[in-house]
Protein chains: 2
Amino acid sequence: MALIVHKYGGTSVGTIDRIQNVAARIVRAREAGDDIVVVVSAMSGETNRLIDLAHGIDSRAAGRELDVLLSTGEQVTIALLAMALEKAGCPARSYTGAQVHILTDSAHNKARIRDIDDSRMRRDLDAGRVVVVAGFQGVDEHGSITTLGRGGSDTTAVALAAALKADECQIYTDVDGVYTTDPRVVSKARRLDRITFEEMLEMASLGSKVLQIRSVEFAGKYNVPLRVLSSFEESGPGTLITFEDETMEQALISGIAFNRDEAQLTVSGVPDQPGVAYKILSAVSDLNVEVDMIVQNVGADDMTDFTFTVHRNDYEKSLEALRAIAGEIGAREVSGDTRIVKVSLVGVGMRSHAGIASKMFEVLGKEGINIRMISTSEIKISVVIDEKYLELAVRALHDAFELEKEPAGKE
Amino acid sequence: MALIVHKYGGTSVGTIDRIQNVAARIVRAREAGDDIVVVVSAMSGETNRLIDLAHGIDSRAAGRELDVLLSTGEQVTIALLAMALEKAGCPARSYTGAQVHILTDSAHNKARIRDIDDSRMRRDLDAGRVVVVAGFQGVDEHGSITTLGRGGSDTTAVALAAALKADECQIYTDVDGVYTTDPRVVSKARRLDRITFEEMLEMASLGSKVLQIRSVEFAGKYNVPLRVLSSFEESGPGTLITFEDETMEQALISGIAFNRDEAQLTVSGVPDQPGVAYKILSAVSDLNVEVDMIVQNVGADDMTDFTFTVHRNDYEKSLEALRAIAGEIGAREVSGDTRIVKVSLVGVGMRSHAGIASKMFEVLGKEGINIRMISTSEIKISVVIDEKYLELAVRALHDAFELEKEPAGKE
């Protein structure tokens, strides 16, 4: 008998009918002999409705009270799903994050999970119950409700799977797997049967909306087999996310990710002295803002330009913070732009192949697309370009790297 | 410096604007030097929205999961009000029932408060914060969320006032006090300056929607001065609910209460033997249904008719349960009617005055209103009549007992 953690996102539980469909799917999995723990998100639209309420009070609403507010979204879903399971004759019990002691740090709105007490869930599973847990939320050591940030329900699911040593963590979503890129942008995009944790990490971190990045980190760290599959279709094995192995298809590039949620900040004309980078970044990280790409150019006059990207929601306050310290660090100018996107090629095959970056820049150059920032890692090349070129760039790269074709060597 | 518990119902926090008004009122109370603990209900309409969701899954939704669902309503409000207070520069912190350890029994959907741990609230008050607590909800010894039943936020407020030994518990509502009867039924209805706990208990238990009955019980038991006042007007002292004292106006009748939420059940032709009443009532109370009026008539043939009233929501299952035991107890028939109302005269003055019941029956008889059941207590006379006569009966009684006039002897 396998223990499987299911996770259903907002779209999959967006209406009463869909919640009943999820219940029916869980009942079938139970009949097939599996023990099930289910993690659910807020019904689609609910989190935005709650955020709108908060913004009615304070356009910068954040912190402790926002978490108290937002966590109600998942709480509604767990109750309804548990009711639907009970109604279908399947014993079930719902729990908030606090009730199953998903202990997090106190970084409200983006808390991190520290520990999970599985004893209560074990008791319910032993008693033959389905355990329904609210995703996205936890509780800090003071008993305050915390949330993990958007998409945090995936993290909850993987963390529960790790704590319970589950056999698989299945992420049910509105797509039937991980694609070479967003099919809404490139119609020829192809579903991947398998992808490595590393690739998936890069894809997720770069804005592929399928999985939340921390969930993939967790899954990799605790070796939780992770599967993405559709909550709307019975068929389809989805995409399995695992460690790289010999039998895997050896694609040069697995996919093209992009991210429209970033904004660019530039601090220009800074004296190139030790400690300047620290001062600039700490001004932003003190606000609990995560910095993504960082690029620094040293000019001829010992002055440097420092450019980085942050989430668009954090743009205004970051700009303010940088302007506040501009004088102190002797910067000439602080500027920024929210109308940019990041596009990235991702693939473990890059490790053994040279020339991919130059081919990428060539393809973009031919289309007349100017590159603003470049950043590379072992299995990824990212560029920041003007937002208006996003679709053009992704389609041109998908074609040039022939991602619509199954990789060579695969049966 | 006084410690005041404020309680705002669903209408008073029904929109963002109204929540901001409540915040402004609390800020003024703080500026006047009071320490404030606020209890809030769900935004108006929210509880019904949640119940509709539950009914989409199961038309008989009840129990543990319904409480998980419904408790989100108040949780939304506490977060928004705490945000509004913080935005207005007033330090505040929100708590769910579980977070301030409002310990209840495990009777889901109608739990009773057993104990409250005031240490957390004390710490916040000492630190100069307004404490915002979700009404209507608690937590049982297993950590499951419970709710106190509709109107339970009043009970939460009074229980907190008792636990904190507050100087006054102020119930802000959409009316400016307690009236001699519902002004929507009798336009001449008059606001009472004071009313005794006993009278208020009878008024509340009989369906006057101003206060929830358990809150008045609690207030009486722990001697918490309770004041009902309007959340929409700055003026008006509202109605103070206290113990009877010498200086109080001595009205014969304080008010006329009525209740449209009851249904009548009759078990006819039961052999009049010891234990029959117990069997009948336990069949219903085993369902956790509360029985209100009970009347028994013994006929000439040693057969008895047993009639009682329950909440309309409990009518069908009660009828079923009675039919199931009808054979066992030898009853001739089980019947019932949901189209009835209870109308009651309430007043401590009854203690020292005879003839009020006969005057009441005379007034109703003159209007051609048939009385189905009668029940009396020391300070109340209740009758059950056909629903269609409700307004006629209340107006006729209000006129006959001259409730629109200030009681004699008052300045």
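Up top is the structure.
Draft legend 1. Quick peek at the nonpolar core. In terms of nonpolar packing, the biggest core is built from 237 residues, with L81 of chain A together with L81 of chain B touching the most fellow members. Other than its neighbours up to four places away in sequence, L81 of chain B contacts V13, I19, V22, A23, V38, V40 and V132 of chain B.

Draft legend 2. Focus on the pairing of strand β21 (residues 371–377) of chain A. In this structure, β21 of chain A lies alongside strand β22 (residues 380–386) of chain A, joined through six bridges in antiparallel fashion. The partner of I374 of chain A across the bridge, within β22 of chain A, is V383 of chain A.

Draft legend 3. Layout of the interface of chain A and chain B. Facing the 26 residues of chain A at the interface are 25 residues of chain B. Of all the secondary structure elements, the ones that give two or more residues to the side of chain A that touches chain B are α1 (16–31), α2 (46–57) and α3 (64–87) of chain A. The leading source of residues in the side of chain A that touches chain B is α3 of chain A, at 13 residues.

Draft legend 4. Spatial organisation of the relation of the copies chain A and chain B. The transformation that overlays chain A on chain B combines an axial shift of 0.1 Å with a rotation of 180°, and the residual RMSD is 0.1 Å. Taken together, the turn and the small shift mark the pair as related by a two-fold rotation axis. By C-alpha distance to the rotation axis, the residue of chain A lying nearest is T72 of chain A, at 2.7 Å. Most of the interface of chain A is mirrored in chain B, where 96% of its interface residues again form contacts.

Draft legend 5. Focus on the environment of E404 of chain B. Turning to its location among the elements, E404 of chain B is positioned in the segment after α11 (390–400). Those residues in contact with E404 of chain B that lie beyond four places of it in its chain are K188, R190 and H398 of chain B.

Draft legend 6. Region of the structure containing unusual backbone geometry. All names here are of chain B. Of note in this structure, N109 is not a glycine but carries a positive phi near 75°. One can find N109 in the loop between β4 (102–104) and β5 (113–116). A count of 18 C-beta atoms within 10 Å places N109 in the partly exposed class. Not every positive phi belongs to a glycine, and N223 is a case in point at roughly 55°. The class of N223 is exposed, set by 11 C-beta atoms lying within 10 Å.

Draft legend 7. Seen up close, the sheet that holds strand β15 (residues 255–259) of chain A. Residues and elements named next belong to chain A. Strand order in this open sheet of four strands is β15-β20-β22-β21, and the pairing throughout is antiparallel. If you trace the sheet from one side to the other, it starts and ends with β15 and β21, each paired once. The sheet shows a mean angle of 20° between the axes of neighbouring strands, direction not considered. As judged from the seven bridges shared by strand β20 (residues 340–346) and β22, these two strands associate in the antiparallel manner. Note on β22: the bridge partner recorded for L345 is I381. With respect to the sheet, helix α10 (residues 356–366) is in contact with β20, β21 and β22, its orientation differing from that of β22 by roughly 20°.

Cut-off values and rules
- Residues numbered from 1 in each chain as written.
- Chains lettered and ligands numbered in written order.
- Predicted model: local features only at pLDDT ≥ 70, side-chain atom pairs only at ≥ 80, totals over all residues.
- Core = buried A, V, L, I, M, F, W, Y, C linked by C-beta atoms within 7 Å.
- Buried ≥ 20, exposed ≤ 12 C-beta atoms within 10 Å, placed from the backbone.
- Contact = placed C-beta atoms within 7 Å.
- Pairing = 2+ DSSP bridges.
- Helix = DSSP H or I, 4+ residues; strand = E, 2+ residues; numbered from the N terminus.
- Least-squares fit on C-alpha atoms with pLDDT ≥ 70 in both.
- Axes fitted to C-alpha atoms, helices over the stretch in contact; angles between N-to-C directions.

In short, geometric facts, not functional conclusions.
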